[in-house]
Amino acid sequence: MGEVGELGGLRLGDLPGLANTVADLVGGAITIEDPQSRVLAYSRLEHEPDPMRRLTILGQEVPRWRVHELRESGFFRTLWNTDDVVRLPADGRYAERLVIAVRDGSEVLGSLWAAADGRPLAEGAAEALRTAARAAVPHLSHHRTWGRAAARAREEAVHALLEHRTYAEDSAYAARAAREAGLVPGRPYAVMVAEVHPSAVMGANPFTVVSAEVYGGRAARAVPGSSSLPGSSSLPASSSLPASSSVPGLSSAHGPPSVPAPSPVSPVSPVPVSGSASEQRVLDVLALQATAYRPGCVTARTGRRLHVLVPAAGGETDPARGLLPAARSVSRGVVFTGVGPVAADLSGLPASREAAELVMRVLRERAAREPATGDGPGTGPWAVSAAAAYDEVVPEAALLRVLDRVGPLWETLSGPVHAMTEHDRAHGSAYGATVAAYLNAFGDTGVAAGRLNVHANTLRYRLRRARELFGLDLDDPTVRLLADIGLRLARRTR
């Protein structure tokens with residue numbers, strides 16, 4: 001009760017005061033960080049800081065190499081997916097750390113880092129940190145709120161830069177939007193687009209907590225009620241640093257559920273989350289991962305889509321390549337991610353976005369064609385996330401462009417293929433699927449029957465009936481071409 005009183009007496013938004021008060025309660029040096037590992041405030045320095053704390057305070061953020069190290073180890077994955085304290089044991093380089101995320105509901109506002117400050121942390125340090133995390137919510141919320149208007153403006157600027165008309169109608173506005181979004185004119189960027197879909201078929205645990213066991217090859221003593229991890233990151237000293245606000249609506253994290261989970265892990269019971277809330281949380285994770293991926297990454301979201309502008313170094317042709325494994329390995333939901341070609345300047349961003357969205361459609365259509373692999377959760381179409389760059393799907397992307405143009409004309413026509421697809425819709429028959437399998441197998445009835453899991457005689461009977469009912473002559477190359485086009489249009493996803 002005394003701890004809550006001490007923390008409750010602070011002026012709203014007084015992050016340096018919060019850091020110093022928590023330091024007294026925990027018996028160590030405290031750093032308050034935002035979800036991108038930037039320092040918001042730190043407690044007064046009473047002892048010589050360890051090297052990591054010194055580097056972090058002087059740079060006003062955790063060094064990028066350290067962020068990468070922690071992300072690759074799975075530490076951030078654990079931190080952002082648990083409400084409890086996570087322990088980083090002393091490892092010969094840095095002092096022991098206790099870390100906890102500060103949450104407002106499902107949104108991550110930042111984190112509190114407690115470092116041993118020349119002496120062991122207090123016996124009740126973990127419990128004190130839990131209390132501090134609850135008390136820190138209004139302070140970090142206040143800190144975040146004042147920057148929301150500017151963040152919204154930045155996001156609107158990004159959306160404007162992704163539209164062709166911005167450059168055609170007002171080049172001066174495009175230049176202002178680039179400044180607002182924090183983009184560098186003349187610098188090449190690639191656009192990555194991620195689209196999240198519900199995880200009802202996934203059956204995946206939304207959280208993974210690493211318990212007090214050997215982690216990353218090291219044994220660790222667990223603080224009661226906390227998770228144990230090796231390594232560390234944090235900061236030292238005392239005072240407040242200029243704070244940067246996060247993009248509105250983003251709960252934040254460096255490299256949460258995108259890094260492969262290290263072992264051993266103990267899954268906790270799945271927490272059911274409504275579709276839209278779950279989808280938004282996946283986008284939160286991806287957005288925070290992107291901002292931690294490399295300096296200069298800019299994100300903006302629309303509905304269930306996240307757009308990421310990834311800066312390219314000189315001559316680099318695939319700057320977003322390192323983000324694709326993260327997008328493929330989200331722990332909840334299904335995410336389809338596409339990356340467009342590098343745009344030489346800002347006027348090329350709309351074309352890169354269109355290419356990235358086309359890649360997403362290719363991946364969706366691939367997933368929709370995949371047969372179920374079992375009866376349990378996590379099987380069948382849409383059960384697995386996928387990601388690709390434009391140069392990996394050029395033929396399929398070109399076909400989608402052709403079908404986009406042909407589609408409106410096809411709807412005005414009639415013929416055997418139209419009659420067959422209409423019959424399938426009305427009666428639930430599978431003539432279209434049978435013909436499609438036959439065409440995809442280049443007329444090999446044995447292969448086609450195997451893909452449909454039917455006997456070859458059954459397939460031949462269906463093909464014969466399709467000819468009798470609809471006049472579909474698959475011996476005619478023109479009919480085969482029209483059937484392929486029509487069936488692709490009939491089953492395509494939007």
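**Let's talk about the overall build of the protein chain**
Counting its regular elements, the protein chain contains 18 helices and 14 strands. Buried positions account for 52% of the 494 residues belonging to the protein chain. At a minimum sequence separation of 6, the contacts of the protein chain that also span at least 24 residues come to 72%. Looking at the protein chain as shown, the accessible area adds up to about 21400 Å², and 55% of this sits on carbon and sulfur atoms.

**Considering the packing of aromatic side chains**
The final tally for this structure, using the stated rule, is four aromatic pairs. On the numbers, 5.6 Å between centres and 50° between planes, the contact of Phe-75 with Trp-113 is tilted. With Phe-75 in helix α5 (residues 75-80) and Trp-113 in strand β5 (residues 107-115), the pair connects residues that are 38 residues apart, well separated along the chain. Using a relative accessible area of 1% as the deciding quantity, one classes Trp-113 as buried. For the ring pair Phe-76 and Trp-80, a centre distance of 6.4 Å and an interplane angle of 10° mean the geometry is stacked. Of the two residues, Phe-76 and Trp-80 both sit in helix α5, four residues apart, roughly one turn of that helix. Like Trp-80, Phe-76 is buried.

**Comments concerning the pattern of salt bridges**
Side chains carrying opposite charge are able to pair once their charged atoms draw close together. Enumeration according to the criterion identifies 23 salt bridges in this entry. Between Arg-353 and Glu-354 there is a salt bridge, with the nearest N and O atoms lying 3.9 Å from each other. When its relative accessible area of 11% is taken as the criterion, Arg-353 is described as buried. Here Glu-354 falls in the partly exposed class, since its relative accessible area comes to 32%.

**Remarks on the packing of helix α14 (residues 416-427) against helix α18 (residues 477-491)**
The contact between α14 and α18 brings their axes to 9 Å, and the two run at 35°. Crossing handedness for the pair α14 and α18: right-handed. Packed against α14, whose contacting residues are Val-417, Met-420 and Thr-421, the element α18 presents Leu-482, Ala-483, Gly-486, Leu-487 and Ala-490 at the interface. A class-by-class count of the residues in the contact of α14 with α18 yields six nonpolar, two polar and no charged.

**Thoughts on helix α15 (residues 431-440)**
With eight of ten residues buried, α15 is to be regarded as a mostly interior element. When α15 is considered as a whole, its buried residues turn out to be Tyr-431, Gly-432, Thr-434, Val-435, Ala-436, Ala-437, Tyr-438 and Leu-439. The secondary structure elements touched by the buried residues of α15 are α14, α16 (445-452), α17 (456-470) and α18. Note on α15: the residue one or two positions beyond its end, Phe-442, has a positive phi of about 55°.

**With respect to the pairing of strand β3 (residues 85-88)**
Here β3 shows a buried face lined by Val-85 and Arg-87 and a second buried face lined by Val-86 and Leu-88. Pairing analysis gives three bridges linking β3 to strand β4 (residues 97-104), with the strands arranged antiparallel. Looking across to β4, one finds that Val-86 is bridged to Val-99.

**Some details on unusual backbone geometry**
Within the chain, Ser-37 stands out as a residue other than glycine whose phi angle is a positive 70°. Along the chain, Ser-37 turns up in the loop between β1 (29-33) and β2 (39-42). At Asn-453, a position not held by glycine, the phi torsion is positive, near 60°.

**A closer look at the sheet that holds strand β12 (residues 305-311)**
In spatial order, the strands read β11-β12-β6-β13-β14; together these five strands make up an open sheet with mixed pairing. Two strands bound the open sheet, and with one partner strand each, they are β11 (298-302) and β14 (386-389). Geometrically, the sheet is characterised by an average inter-axis angle of 15° between neighbouring strands, direction not taken into account. Where strand β13 (residues 334-343) meets β14, four bridges bridge the pair, whose relative direction is parallel. Residue pairing in the sheet places Phe-336 in a bridge with Ala-386 of β14. Of the strands in this sheet, β6 (189-197), β12, β13 and β14 are in contact with helix α12 (residues 349-369), which crosses β13 at around 145°.

**Quick word on the nonpolar core**
Core analysis: the biggest nonpolar cluster contains 29 residues, and Val-26, Ile-30, Ile-32, Leu-98, Val-102, Leu-112 and Leu-129 have the highest contact counts within it. Taken together, the elements giving at least two residues each to this core come down to α2 (15-26), β1, β2, β4, β5 and α6 (125-145). For this core, the element with the most residues is α6, which contributes nine residues. Those residues within four positions of Val-26 in sequence are excluded, and the remaining contacts are Ala-114, Leu-121, Ala-122, Ala-125, Ala-128 and Leu-129. Counting residues in each nonpolar core, the second largest holds 24 residues, with Ala-437, Ala-449, Leu-463 and Leu-474 among its members.

**Observations regarding the side chain of Ser-385**
Tracing the chain through its elements places Ser-385 in the loop between α12 and β14. Of note is the side chain of Ser-385, whose polar atom sits 2.8 Å from the backbone nitrogen of Val-335. For Ser-385, the contacting residues outside a window of four places in its chain are Ala-327, Arg-328, Val-330, Gly-333, Val-334 and Val-335.

**Regarding the confidence of the model for the protein chain**
Mean pLDDT over the protein chain: 76, with 77% of residues reaching 70 or higher. Segment residues 1-5: pLDDT under 50, and four contacts once partners within four positions in sequence are set aside and those in other chains are kept.

The rules we used
Residues numbered from 1 in each chain as written. Predicted model: local features only at pLDDT ≥ 70, side-chain atom pairs only at ≥ 80, totals over all residues. Heavy atoms only, no water. Helix = DSSP H or I, 4+ residues; strand = E, 2+ residues; numbered from the N terminus. Buried < 20%, exposed > 50% of the residue type's maximum accessible area, 1.4 Å probe, protein only. Contact = heavy atoms within 4.5 Å. Areas by Shrake-Rupley, 256 points an atom, 1.4 Å probe, with all protein chains shown as cover. Phe/Tyr/Trp six-rings, centres within 6.5 Å; stacked < 30°, edge-to-face > 60°. Salt bridge = Lys/Arg side-chain N within 4 Å of Asp/Glu carboxyl O. Axes fitted to C-alpha atoms, helices over the stretch in contact; angles between N-to-C directions. Left-handed = near helix turned anticlockwise from the far one by under 90°. Nonpolar A, V, L, I, M, F, W, Y, C, P; charged D, E, K, R; others polar. Pairing = 2+ DSSP bridges. Core = buried A, V, L, I, M, F, W, Y, C linked by side-chain atoms within 4.5 Å. Polar contact = N/O pair within 3.5 Å; in protein donor to acceptor, adjacent residues only side chain to side chain. pLDDT = per-residue confidence, 0-100.

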